[in-house]
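# Secondary and tertiary structure notes
So the chains spell out like this:
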Amino acid sequence: MLCAPTRCQACREREEPHMDDQLSRYRQSIDNIDAALVYMLAERFKVTKAVGELKAREGLPPADPGREERQIGRLRELARDADLDPDFTEKFLRFIIDEVIRHHQQAKREQNA
């Protein structure tokens, strides 16, 4: 049992090595997950770049509001299943969608130049 709020030196010494190891493991997991997220986003943007180029060649609009809403609904459901805040998930996806649309608009401008 640990001493009260300020804890004595002996209690801090007993706790710190364990806490430092555990914190280090958590942080390593976070670092690994962050790296995976970056690589997954990079892959996603490679595919959406190809979609933008195809849309530009075929004269399709950069945005597809119906698809966007279906995707948001699908990912909100996945978020609920994963015990993740659906509102956060939607904000995150909308941020990505906005960036994709910006890329598609750029591809359209380049195609028309």
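Residues numbered from 1 in each chain as written. Predicted model: local features only at pLDDT ≥ 70, side-chain atom pairs only at ≥ 80, totals over all residues. Heavy atoms only, no water.

### Quick word on the layout of surface pockets
Of the volumes computed, that of the largest pocket is approximately 470 Å³. For the lining of the largest pocket, the secondary structure elements donating two or more residues are α1 (9-58), α2 (65-81) and α3 (86-112). Residues belonging to the lining of the largest pocket are distributed by class as follows: 12 nonpolar, two polar and three charged. Volume-wise, the second largest pocket comes out at about 360 Å³. As for the second largest pocket, its lining consists of 15 residues, and the residues nearest its centre are R44, T48, R67, V100 and H104. Elements supplying a minimum of two residues to the lining of the second largest pocket: α1, α2 and α3. Examining the composition of the lining of the second largest pocket, we find that five residues originate from one element, α1, more than from any other. Residue classes in the lining of the second largest pocket are distributed as seven nonpolar, three polar and five charged. (1 Å grid on protein atoms, 1.4 Å probe; cavity = no way out; pocket = protein on both sides within 12 Å on 5 of 7 lines; lining within 4 Å. Points joined across faces, edges and corners; volume = space filled by probe spheres on them. Helix = DSSP H or I, 4+ residues; strand = E, 2+ residues; numbered from the N terminus. Nonpolar A, V, L, I, M, F, W, Y, C, P; charged D, E, K, R; others polar.)

### A look at the side chain of T48
Locating T48 in the fold gives a position in helix α1. Its relative accessible area of 13% is what places T48 among the buried residues. (Buried < 20%, exposed > 50% of the residue type's maximum accessible area, 1.4 Å probe, protein only.)

### Concerning the environment of E110
Following the sequence through the fold, E110 ends up in helix α3. Each C-alpha atom of the pair E110 and A56 lies 8.5 Å from the other, and the pair is 54 residues apart in sequence.

### Considering the packing of aromatic side chains
With the rule as written, the count across this model stands at one aromatic pair. Where F88 meets F92, the ring centres are 6.2 Å apart and the plane angle is 20°; that geometry is what we call stacked. Taken together, the residues F88 and F92, both in helix α3 and four residues apart, mark about one turn of the helix. (Phe/Tyr/Trp six-rings, centres within 6.5 Å; stacked < 30°, edge-to-face > 60°.)

### What about unusual backbone geometry?
We note that D83 has phi near 60°; this positive angle belongs to a residue other than glycine. A residue is classified by how much of its surface remains accessible, and D83, at 73% relative accessible area, is exposed.

### Looking at the confidence of the model for the protein
Within the protein, residue pLDDT values average 89, and 85% of them lie at 70 or more. Mean pLDDT values over the elements of the protein span from 89, in α1, up to 97, in α2. (pLDDT = per-residue confidence, 0-100.)

### Details of the pattern of salt bridges
Considering all chains together, one arrives at seven salt bridges under this definition. A salt bridge links E43 to K46, with the shortest nitrogen-to-oxygen separation between them at 3.1 Å. Residue E43 and its partner K46 are both found in helix α1; the two are separated by three residues, about one turn of the helix. Here K46 falls in the exposed class, since its relative accessible area comes to 54%. The partner of R76 in a salt bridge is D87, and the shortest N-O contact between them spans 3.1 Å. Taken together, the positions of R76 in helix α2 and D87 in helix α3 put the pair 11 residues apart, joining distant regions of the chain. Residue classification places R76 among the buried positions, given a relative accessible area of 19%. Each of E69, R76, D87, E90 and R94 takes part in one network of salt bridges that share partners. (Salt bridge = Lys/Arg side-chain N within 4 Å of Asp/Glu carboxyl O.)

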